Number of protein chains: 2
Amino acid sequence: MKSHQITIIDIANTLNLSKSTVSRALTGHPNVKVKTRERVLELAAELDYQRNQLAISLLTNRTQTIGIMVPEFLSSFFPKVIIGAQDVLAKAGYNVVICHSNESYETEIVNTKLLLASRVDGILVSHTKETRNFEHFKIFDRKGIPVVFFNRIVDEMSVSKVAVDDYEGAYQAVEHLIKTGKRRIAHLSGPDSLQNSRSRLNGYRDALTNHQIPIDPALIISYDLTLDKANIYVNHLLNLPQPPDALFAINDPTAIEALKVIKSRGLRIPEDIAIVGFSDDPISALIEPGLTTVSQPVDEIGREAARLLLNQLAADDERPEPELVVLPTRLIIRGSTVTGENPTGFADQTSLPSF
Amino acid sequence: MKSHQITIIDIANTLNLSKSTVSRALTGHPNVKVKTRERVLELAAELDYQRNQLAISLLTNRTQTIGIMVPEFLSSFFPKVIIGAQDVLAKAGYNVVICHSNESYETEIVNTKLLLASRVDGILVSHTKETRNFEHFKIFDRKGIPVVFFNRIVDEMSVSKVAVDDYEGAYQAVEHLIKTGKRRIAHLSGPDSLQNSRSRLNGYRDALTNHQIPIDPALIISYDLTLDKANIYVNHLLNLPQPPDALFAINDPTAIEALKVIKSRGLRIPEDIAIVGFSDDPISALIEPGLTTVSQPVDEIGREAARLLLNQLAADDERPEPELVVLPTRLIIRGSTVTGENPTGFADQTSLPSF
DNA sequence: CATGATTTTGGGAATGTTCCCAAAAATATA
DNA sequence: TATATTTTTGGGAACATTCCCAAAATCATG
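If you're wondering where the values come from, they're calculated on a predicted model, not measured in any experiment.

**Looking at the relation of the copies chain B and chain A**
Between chain B and chain A, the superposition needs a rotation of 180° and an axial shift of 0.0 Å, giving an RMSD of 0.0 Å. Here the symmetry operator amounts to a two-fold rotation axis. Looking at chain B, 99% of its interface residues are interface residues in chain A too, so the copies touch through the same face.

Structural data, given as structure tokens:
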């Protein structure tokens, strides 16, 4: 049961002033006597007065709130992106509402409605792996609420986007495997609905082709990113008449699952089969052998997405041109592809304490 | 630049109705002709009408929004708690705003103001390690906005709280070390400001005392949970004239940092020194050796905290009695304390895919 | 001390919605 | 057909704030 809220009228009445004067005193308007302002601020502090942002938002039609929608946040990736974005947005005076869709298209739509109802000024989005229809995001666009996609981006919408160079990252990962002498390189790919999944697959293909290695469709498997499936597919690959001598996985959790399966079969990594992941999850530096992986500037993805959104919000005339930012990736080489590299698997750990 | 928002008045004008009737049609009030309701709903859908939650909140003085404040969310702990809480709250029709204080007291106070200004109906809080003064939380209490503490709880406030049995968890962890024959058991503890840090220390002490092992103050170190400090203190302990033969760490990141230092010194785990952590981070099952740790029902902490908050919100008469829920912990035994246990370090992995 | 200029204050509209009460329309009853 | 009853609709107040314009108070200048 909430008690009566303190309003500017309460303050006005106690001090025998009008609400207008109190409002001016609180917002720092110059036209108010110093003495009066002091009296108002003093009483406001004493009563724990908090201006009602709802009323102001209703009046100004701006909530100073940005919605961030992510498909999950159990892995470290999205929390880090959010932290980066939040930092930039907070400095610009915006609050942040975080929604996670749990990789469910239905939940994503519900979140969409929610953000629309709470009248956010803009949204940052990484859609779910199930999302193939983007009508629910176009509503924002039609209402003039800026949308910025990050990480999982949408070709069919003309809005600002932040991605990493998935193609190049994948290309270099596969080229690295080729240089270590591997020839039968498998790829555990993600669902076709994800743009970055498609780009990484292209990078994989082109690296092989450019090194005169034929592409064997039996070595390419797209899956839905649920780890029990990964387990099945890795086993399947190992059971092939001509099993692969290397595996490029769509992401680190997949690579780690593969590593687990391969170790339990008593195969040697990287001699029998080498593994490369994608995204440099903190875990990847800690396991044995350390996982070679394509790192991405996670924090910077969030910061950049926030900046693009602020660009859209700042323009008070017509809508500014959408921008596309592609951030570079970097190959981190560890024991899963090269012997003697990071033998303990411990390197550049940066995770924080938890309780 | 946001375009004109569609309001019920727009709908009312186009259909030659009053705003009252449109409002009734949209909210499902029975007293409206079926034909009229259909016309209204149809036009509303066509115009992408979204009711303005701000206006409603202003009127009802309830925002249907809950604030969750956590000290960090880079480790997996708090994201999991948030997911649990969010699930329960969403089912009860509440939205969630997440704030992370980045372990900074200052930021926590800013977040407090922010949640107060956005008029949340209640808050779930885990305070920072720096927080020793809780006045900023008492403001909520005074305004009749329910507060529930979880994980890091506050003795001096009479509100609902959710904790795990830190004392018992620590006791069992240390007892386990004693049973494996260890006698010089060190404890890397957290800051005294955290209630769970104190409880774990008590569990450690009592386990030693009850097994007639004298407590050596040189083996107890409280630190601020920043990993570089952990590194220094572990080295310090190993350099003692009589180094410990086991280490009970306040949390898993600390334990993993210790493991790293100990391995790099060429000591055997657990023969030369055994390690136990706290909270069963997903990483703990993946490293080598697997980390023995005290697991807590992370998801359930969030769900339970949400339930306690709903209890407070549901009561429409006077304020209900605060509740205290203490959830059980469970010792997970792995290779860092027992040889031959989980030799690969891979066990019960449940982390999700990331990009 | 009067006049004009400037500073300070007050009143009302506006924001989008719900809810209460009254009015109008439709329906039932005599 | 007139009256009573029920259903459906409309008009205003209320929520907390800001902003514009006018009114009041203060100040400076001759």
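**Re the interface of chain B and chain A**
Contact residues are listed per partner, giving 79 residues for chain B and 78 residues for chain A. Of the roughly 7500 Å² buried between chain B and chain A, counting both surfaces, carbon and sulfur atoms make up 58%. At the junction of chain B with chain A, the criterion picks out four salt bridges. Note that Arg142(B) and Asp48(A) form a salt bridge whose closest N and O atoms lie 3.0 Å from each other. Our count for the contact surface shared by chain B and chain A stands at 18 residue pairs in polar contact (both at pLDDT 80 or more). Put simply, the parts of the chain that give the side of chain B that touches chain A at least two residues each are helix H4 (53-60), helix H5 (77-91), strand E2 (95-100), helix H6 (105-117), helix H7 (135-142), helix H9 (195-210) and helix H11 (252-264) of chain B. Of the residues that constitute the side of chain B that touches chain A, the class distribution is 35 nonpolar, 24 polar and 20 charged.

**Some words on H7(B)**
All names here are of chain B. Taken together, the buried positions of H7 are His-136, Phe-137, Ile-139 and Phe-140. Down the axis of H7, the sector holding all buried residues measures 145°, keeping them to one side. Within two residues after H7, Gly-144 carries a phi angle of roughly 80°, on the positive side.

**Some points on the protein's contact with DNA strand C**
Neighbouring DNA strand C are 27 residues; Ser18(A), Thr36(A), Ile8(B), Ser23(B) and Tyr49(B) lie closest to it. In DNA strand C, atoms within 4 Å of the protein come 54% from sugar and phosphate. Here a phosphate oxygen of DNA strand C sits 2.7 Å away from a polar atom, N or O, in the side chain of Thr36(A). Secondary-structure elements contributing two or more residues to the surface near DNA strand C are helix H2 (19-27) and helix H4 (53-60) of chain A together with helix H2 (19-27) and H4 of chain B. A per-element tally of the surface near DNA strand C places H2(B) first, with five residues. Class assignment for the residues of the surface near DNA strand C results in nine nonpolar, twelve polar and six charged.

**Considering helix H9 (residues 195-210) of chain A**
All names here are of chain A. Here H9 contains 16 residues, and its C-alpha end-to-end distance of 22 Å stays within 8% of the 22 Å for a straight helix at 1.5 Å per residue. Among the residues of H9, Gln-195, Asn-196, Ser-197, Ser-199, Arg-200, Leu-201, Gly-203, Tyr-204, Ala-207 and Leu-208 are the ones counted as buried. Here the buried face of H9 lies against helix H8 (166-179), strand E6 (185-189), strand E7 (220-222), strand E8 (246-249) and strand E9 (274-279).

**Considering the protein's contact with DNA strand D**
Neighbouring residues of DNA strand D: 27 residues in total, closest Ile8(A), Ser23(A), Tyr49(A), Ser18(B) and Thr36(B). By atom count, sugar and phosphate contribute 54% of the portion of DNA strand D lying within 4 Å of the protein. In this structure, Ser23(A) approaches DNA strand D through a side-chain N or O atom, which is 2.5 Å from a phosphate oxygen. Side-chain polar atom of Lys19(B) to a base oxygen of DNA strand D: 2.9 Å apart, as the coordinates give it. Among the secondary structure elements, those contributing two or more residues to the surface near DNA strand D are H2 and H4 of chain A together with H2 and H4 of chain B. Here the element with the most residues in the surface near DNA strand D is H2(A); it accounts for five residues.

**As for the side chain of His136(B)**
Residue and element names in this part refer to chain B. Residue placement: His-136 occurs in helix H7. Judged by relative accessible area, His-136 falls into the buried class, the value being 6%. At a separation of 2.9 Å, a polar atom in the side chain of His-136 contacts the side chain of Glu-108. With residues near it in sequence (within four places) discarded, His-136 still touches Tyr-105, Glu-108, Ile-109, Thr-112 and Thr-131.

**Brief notes about the confidence of the model for chain A**
Residues at a pLDDT of 70 or more form 94% of chain A, whose mean pLDDT is 91. Predicted confidence is poor over residues 342-355 of chain A, with pLDDT under 50, and the contacts of this stretch with residues over four places away or in other chains come to 52 contacts.

**Here we look at the packing of aromatic side chains**
Aromatic ring pairs are defined here through the distance separating the ring centres and the angle between the ring planes. Residue and element names in this part refer to chain A. Inspection of the entire model under this criterion finds 13 aromatic pairs over all chains. Here Phe-134 and Phe-137 contribute two aromatic rings whose centre-to-centre distance is 6.5 Å and whose plane-to-plane angle is 25°, an arrangement assigned as stacked. For Phe-137, a relative accessible area of 0% gives the class buried. Both rings, one in Phe-137 and one in Phe-149, keep their centres 5.5 Å apart while their planes meet at 90°; by these two values the pair is edge-to-face.

**Brief notes about the pattern of salt bridges**
Residues and elements named next belong to chain A. Per the stated rule, a full pass over the model turns up 36 salt bridges over all chains. Among the salt bridges present, the one from Arg-152 reaches Glu-103, with a minimum N-O distance of 3.0 Å. Here Arg-152, found in the loop between strand E4 (147-150) and strand E5 (160-164), pairs with Glu-103, found in the loop between strand E2 (95-100) and helix H6 (105-117); they are 49 residues apart in sequence, far enough to count as distant. Of the residues examined, Arg-152 reaches a relative accessible area of 1% and is grouped as buried. Take Glu-103: its relative accessible area is 13%, and that puts it in the buried class. Among the charged side chains, a salt-bridge network with shared partners connects Asp-87, Lys-91, Asp-299 and Arg-303.

**With respect to the pairing of strand E6 (residues 185-189) of chain B**
Residues and elements named next belong to chain B. Taking burial as the measure, the five residues of E6 include five buried ones, the bulk of the element. In E6, alternate side chains face the same way, and those of Ile-185, His-187 and Ser-189 on one face and Ala-186 and Leu-188 on the other are all buried. Of the strand pairs in this sheet, E6 and strand E8 (residues 246-249) are connected by four bridges, and their pairing is parallel. When the bridges of E8 are listed, Ile-185 appears paired with Ala-246. Two strands pair when backbone bridges link them, and E6 and strand E7 (residues 220-222) are joined in this way by three bridges, in the parallel orientation. Bridged to His-187 within E7 is Ile-220. Running through H9, the crossover from E6 to the neighbouring parallel element E7 is right-handed.

**Focus: the UniProt feature "domain: HTH lacI-type" (unreviewed entry) in chain A**
UniProt marks residues 6-60 of chain A with the feature "domain: HTH lacI-type" (unreviewed entry), using the numbering shown here. The straight-line gap between the two end C-alpha atoms of residues 6-60 of chain A is 21 Å; of that span, 69% is helix and 0% is strand.

**Thoughts on the environment of Val159(A)**
All names here are of chain A. Locating Val-159 in the fold gives a position in the loop between E4 and E5. The buried category is assigned to Val-159, whose relative accessible area is 9%. Not counting residues up to four positions away in its chain, the partners in contact with Val-159 are Asp-141, Val-147, Phe-149, Pro-322 and Glu-323.

Quick notes on the rules
Residues numbered from 1 in each chain as written. Chains lettered and ligands numbered in written order. Predicted model: local features only at pLDDT ≥ 70, side-chain atom pairs only at ≥ 80, totals over all residues. Heavy atoms only, no water. Least-squares fit on C-alpha atoms with pLDDT ≥ 70 in both. Contact = heavy atoms within 4.5 Å. Buried area = accessible area lost by both parts, 1.4 Å probe. Salt bridge = Lys/Arg side-chain N within 4 Å of Asp/Glu carboxyl O. Polar contact = N/O pair within 3.5 Å; in protein donor to acceptor, adjacent residues only side chain to side chain. Helix = DSSP H or I, 4+ residues; strand = E, 2+ residues; numbered from the N terminus. Nonpolar A, V, L, I, M, F, W, Y, C, P; charged D, E, K, R; others polar. Buried < 20%, exposed > 50% of the residue type's maximum accessible area, 1.4 Å probe, protein only. Arc of directions from axis to C-beta. Near = heavy atom within 4 Å. Expected span 1.5 Å × (residues − 1). pLDDT = per-residue confidence, 0-100. Phe/Tyr/Trp six-rings, centres within 6.5 Å; stacked < 30°, edge-to-face > 60°. Pairing = 2+ DSSP bridges. Right-handed = clockwise from strand over helix to strand, strands pointing away. UniProt positions renumbered as here; feature names shortened; annotations may be inferred.

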